[in-house]
2 protein chains.
Amino acid sequence: MCELLGMSANTPTDLCFSFTGLTRRGGGTGPHKDGWGVAFYEGKGVRLFHDPEPCATSPIAEFVGKLPIKSKTAICHIRQANVGNINLANTHPFIRELWGRNWVFAHNGQVPGFTRRVGMYEAIGDTDSEELFCDIMNQVRQNLPRDAMPEQLVKTLVGLAQEYAQQGVFNCLLSNGDWLFTFCSTKLASITRRAPFGPACLKDVEVEIDFAAETTPNDVVSVIATEPLTSDEQWDIYERGEWRLWQLGEVVASGKVDVPVHSTESAMTSPSAMPRDC
Amino acid sequence: MCELLGMSANTPTDLCFSFTGLTRRGGGTGPHKDGWGVAFYEGKGVRLFHDPEPCATSPIAEFVGKLPIKSKTAICHIRQANVGNINLANTHPFIRELWGRNWVFAHNGQVPGFTRRVGMYEAIGDTDSEELFCDIMNQVRQNLPRDAMPEQLVKTLVGLAQEYAQQGVFNCLLSNGDWLFTFCSTKLASITRRAPFGPACLKDVEVEIDFAAETTPNDVVSVIATEPLTSDEQWDIYERGEWRLWQLGEVVASGKVDVPVHSTESAMTSPSAMPRDC
């Protein structure tokens, strides 16, 4: 499977620590060698980095890991391809403009043969993930007013996510910079760090960080990932069908919907299984 | 004024040489200190790098200048802000998806108070440049079939460019990855390099390159810039109102339309003048 990483914080925060842990899985400690990408929101703007190279050995990933980019919302993805060739156009996260905002999306799982419904947003590459994103964007644009409140928006997003999860595996991160929507079809975990901050050790590489030295007492920083990234903290594991809407590091809405177990699911989610697209 | 840099080539080509020369103008030999951005097409995908920092001192610009990114089409912009704050959302080039392709746009000049006509594409930042880009995207989507040939497309683009140039200064680079449309309202120059390749020296920095060592006899590489970037080559200066459509390094269509001289033009185009947005 692919790896998702999202961050929601109440103050511009450096994602380097988690990014460093995640990137080791991109052909390093994990099999996800088919490209990676990350989007850092800065106000209404987004810094995007995409690379079809394995991120464990990508010079761009190494450089980005050292950049002092601070963001309140970020979305990162490491790809293990099946559907869609390994190229830049198929590299998550995907981005589109809607209502004067940058919407960014990353997907883990597979919805075999999914085709978006008619709408103005079209996929540029040839992955089911981008088709799913374009379908979300088309449905939101067609069915909601531009001033839709998060509560109204999330209702539509959850309905779509459940629909996709009934057809396959759909773990996702979606943001417009104001909020971060997360949906768990099979696998997702989160952790919220706030004062008193302590140290943490990455699972995938010999790195320890003392968050107390990096933060102020008022900081609230939540990280959402496919699997826990640290070995000495208690992560909150999402249940199947669970969704959470994050804003400024806090869950502002959450819920759970029925999602069926698919016979091919283990192959879709097990790191040791055959590569699946995400 | 801002600085534009575009490249059209018949083989994936490294833009480092020209990029190095241009970036020196971003707060170095030039006054364009208000951010920079570059888009490199790779197939239907695009590598985007944006930074609101002066590119002469930007670590990202230095890093990108050393990356072995090879592209057939690239668009780069260095900003000198007037309209719109200095932030990521206002940093060119701008990008939107249309008909399943990435469309990338960069603008030099100023069209004071321009507001796009109604359409689905909206500006994310607050520059006249992004409003112009969204207007182009809306007009193209609304008035052309998705399979429009470049000849049909260019007719629409030239009409829009002339309309904008009548309201202000509009030098631009626009591409969907297949072609590069260039329009000169006041200032633009190009050079086409082909065998036999020779050496060239940058104007803005002590760098010389021997293109013969970097190319094959079949390569055709054209560079389009606001001002010539080299001191020992003959650049082809665009006339006022002149447009050229580039494909694979060659001009495949060109022409000229009437464009008025604006009283404030010198301020809009002189490097030594008051900052203008672009």
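Quick look at the structure, then. Going along each chain's sequence as written, the residues are numbered from 1 onward. Ligands are numbered from 1 and chains lettered from A, in the order in which they are written. In keeping with the predicted nature of the model, local features appear solely for residues at pLDDT of at least 70, side-chain atom pairs appear and are counted solely at 80 or more, and the whole-chain, interface and lining totals rest on all residues. Hydrogen atoms and water are omitted, and side-chain values are computed over all heavy atoms in the structure.

1. Details of the pattern of salt bridges
Reasoning step 1: A pairing counts as a salt bridge when a side-chain nitrogen of Lys or Arg comes within 4 Å of a carboxyl oxygen of Asp or Glu. In total, this model carries 30 salt bridges over all chains according to the counting rule given.
Reasoning step 2: The salt bridge partner of Glu42 of chain A is Arg47 of chain A, with a shortest N-O separation of 2.5 Å.
Reasoning step 3: With its nearest N and O atoms 3.4 Å apart, the salt bridge here joins Glu97 of chain A to Arg96 of chain B. One end of the pair, Glu97 of chain A, is in strand β5 (residues 94–98); the other, Arg96 of chain B, is in strand β5 (residues 94–98), on a second chain.
Reasoning step 4: Accessibility here uses a 1.4 Å probe with only protein chains present; expressed as a share of the type maximum, an area under 20% marks a residue as buried, one over 50% as exposed, and anything in between as partly exposed. The buried category is assigned to Glu97 of chain A, whose relative accessible area is 5%.
Reasoning step 5: Given the relative accessible area of 5%, Arg96 of chain B is considered buried.
Reasoning step 6: Beyond isolated ion pairs, a larger network of salt bridges with shared partners links Glu42 and Arg47 of chain A together with Asp51 of chain B. Labels follow the DSSP assignment, with helices taken as runs of H or I lasting at least four residues and strands as runs of E lasting at least two, numbered in each case from the N terminus.

2. A short note on a negative patch on the surface
Residue and element names in this part refer to chain A.
Reasoning step 1: Candidates for patches are residues over 30% relative accessible area with no salt bridge; among them, like charges are joined within 9 Å and nonpolar side chains (Val, Leu, Ile, Met, Phe, Trp, Tyr) within 5 Å. Accessibility throughout is a Shrake-Rupley quantity obtained with a 1.4 Å probe, and a residue counts as covered only by protein chains that appear here. Counted as positive: Lys and Arg. Counted as negative: Asp and Glu. His and the chain ends are not counted at all. All charge positions are set by atom: Lys at NZ, Arg at CZ, Asp at CG, Glu at CD. On the surface, a cluster of negative charge is contributed by Asp14, Glu208, Asp210, Glu214 and Asp232.
Reasoning step 2: When you line up the elements, Glu208 lands in strand β11 (residues 208–210).
Reasoning step 3: A relative accessible area of 55% places Glu208 in the exposed class.

3. Structural notes on the sheet that holds strand β8 (residues 180–183) of chain A
Strand pairing in a sheet relies on backbone hydrogen bonds. The paired strands run either parallel or antiparallel.
Residue and element names in this part refer to chain A.
Reasoning step 1: By definition, two strands form a pair when at least two bridges between them are found by DSSP. Strands sit in the order β5-β6-β7-β8-β14-β15 across an open sheet of six strands; the sheet is antiparallel. Either end of the sheet is taken by a strand with one partner, and the two such strands are β5 and β15 (250–256). Within the sheet, the average angular offset between the axes of one strand and its neighbour, ignoring direction, is 20°.
Reasoning step 2: Sheet topology places strand β14 (residues 242–247) next to β15; six bridges connect them, and they run antiparallel. Following the sheet pairing, Glu242 is matched in β15 by Lys256.
Reasoning step 3: Its contacts with the sheet place helix α4 (residues 150–167) against β6 (101–110), β7 (169–175), β8 and β14, and it is angled at close to 30° to β8. Axis lines are fitted through C-alpha atoms, for helices just across the contact stretch, and the angle between N-to-C directions can take any value from 0 to 180 degrees. The criterion used for residue contact is that any of the two residues' heavy atoms lie within 4.5 Å.

4. Things to note about unusual backbone geometry
Reasoning step 1: Omega for the peptide link from Ala195 of chain A to Pro196 of chain A comes to -5°, which places this bond in the cis form.
Reasoning step 2: The backbone of Leu248 of chain A shows a phi angle near 50°, a positive value even though the residue is not glycine.
Reasoning step 3: Residue position: Leu248 of chain A is located in the loop between β14 and β15.
Reasoning step 4: With a relative accessible area of 47%, Leu248 of chain A lands in the partly exposed category.
Reasoning step 5: Although it is not a glycine, Trp99 of chain B sits at a positive phi angle of roughly 55°.

5. What about the nonpolar core?
Reasoning step 1: Core analysis: the largest hydrophobic core is formed by 72 residues, its most contacted members being Phe181 of chain A together with Phe181 of chain B.
Reasoning step 2: With residues near it in sequence (within four places) discarded, Phe181 of chain B still touches Val154, Leu157, Val158, Cys172, Leu173, Leu174, Trp243, Arg244 and Leu245 of chain B. In plain words, nonpolar cores are sets of buried Ala, Val, Leu, Ile, Met, Phe, Trp, Tyr and Cys residues tied together by side-chain atoms within 4.5 Å.

6. A look at the interface of chain B and chain A
Reasoning step 1: In this complex, chain B contributes 29 residues to the contact, which on the side of chain A involves 29 residues.
Reasoning step 2: Regarding the contact of chain B and chain A, the summed buried area is about 2400 Å², with carbon and sulfur atoms giving 60% of it.
Reasoning step 3: Buried surface area refers to the total accessible area, computed with a probe of radius 1.4 Å, that the two partners give up upon joining, counted for both partners together. Counting the surface chain B buries against chain A, the share from its top three residues, Leu88, Glu97 and Ile124 of chain B, is 26%.
Reasoning step 4: Where chain B touches chain A, the interface holds six salt bridges.
Reasoning step 5: Polar contact is defined as a pair of N or O atoms within 3.5 Å, subject to the rule that within protein one atom must be able to donate a hydrogen and the other to accept it, and that residues adjacent in sequence are counted only when both atoms are side-chain atoms. Counting the contacts that link chain B with chain A gives 14 residue pairs in polar contact (both at pLDDT 80 or more).
Reasoning step 6: Elements with a contribution of two residues or more to the side of chain B that touches chain A: β3 (45–51), α2 (59–66), β5 and β6 (101–110) of chain B.
Reasoning step 7: Split into classes, the residues belonging to the side of chain B that touches chain A amount to 15 nonpolar, four polar and ten charged. In this classification, the charged set is Asp, Glu, Lys and Arg, the nonpolar set is Ala, Val, Leu, Ile, Met, Phe, Trp, Tyr, Cys and Pro, and all remaining amino acids, among them Gly, are polar.

7. Describing the packing of aromatic side chains
Reasoning step 1: Classification of ring pairs rests on two measures: the distance between centres of Phe, Tyr or Trp rings, Trp counted by its six-membered ring, which must be within 6.5 Å, and the angle between planes, read as stacked under 30 degrees, edge-to-face over 60 and tilted in between. Inspection of every chain in the model, using the stated rule, returns 22 aromatic pairs over all chains.
Reasoning step 2: With centroids separated by 6.3 Å and ring planes inclined at 75°, the aromatic side chains of Trp99 of chain A and Trp103 of chain A adopt a geometry described as edge-to-face. Comparing Trp99 of chain A with Trp103 of chain A shows no difference in burial state: the two are buried.
Reasoning step 3: Ring centres of Phe170 of chain B and Phe183 of chain B lie 6.2 Å apart, and the angle between their planes is 45°; on these two criteria the pair is classed as tilted. Taken together, the residues Phe170 of chain B in strand β7 (residues 169–175) and Phe183 of chain B in strand β8 (residues 180–183) connect sequence positions 13 residues apart.
Reasoning step 4: Residue class for Phe183 of chain B comes out buried when judged on its relative accessible area of 0%.
Reasoning step 5: Members of the aromatic cluster, joined through ring pairs, are Phe105, Phe114, Phe133, Tyr164, Phe170 and Phe183 of chain A.

8. Quick notes on α2 of chain B
Reasoning step 1: Looking only at α2 of chain B, the buried set comprises Ile60, Ala61, Phe63, Val64 and Gly65 of chain B.
Reasoning step 2: In this structure, the buried residues of α2 of chain B make contact with β3 (45–51) and α2 (59–66) of chain A together with α1 (16–23), β2 (36–42) and β3 of chain B.
Reasoning step 3: Of the residues flanking the start of α2 of chain B, the one acting as N-cap is Ser58 of chain B, its side-chain oxygen 3.2 Å from the backbone nitrogen of Ile60 of chain B.

9. Description of the pairing of strand β9 (residues 189–194) of chain A
All names here are of chain A.
Reasoning step 1: Here six bridges tie β9 to strand β12 (residues 220–225), and the two strands are oriented antiparallel to one another. Bridging from a neighbouring strand, Arg194 pairs with Val220 of β12.
Reasoning step 2: As paired elements, β9 and strand β13 (residues 236–237) share two bridges and run antiparallel to each other. Considered in β13, the bridge of Ala189 is made with Ile237.

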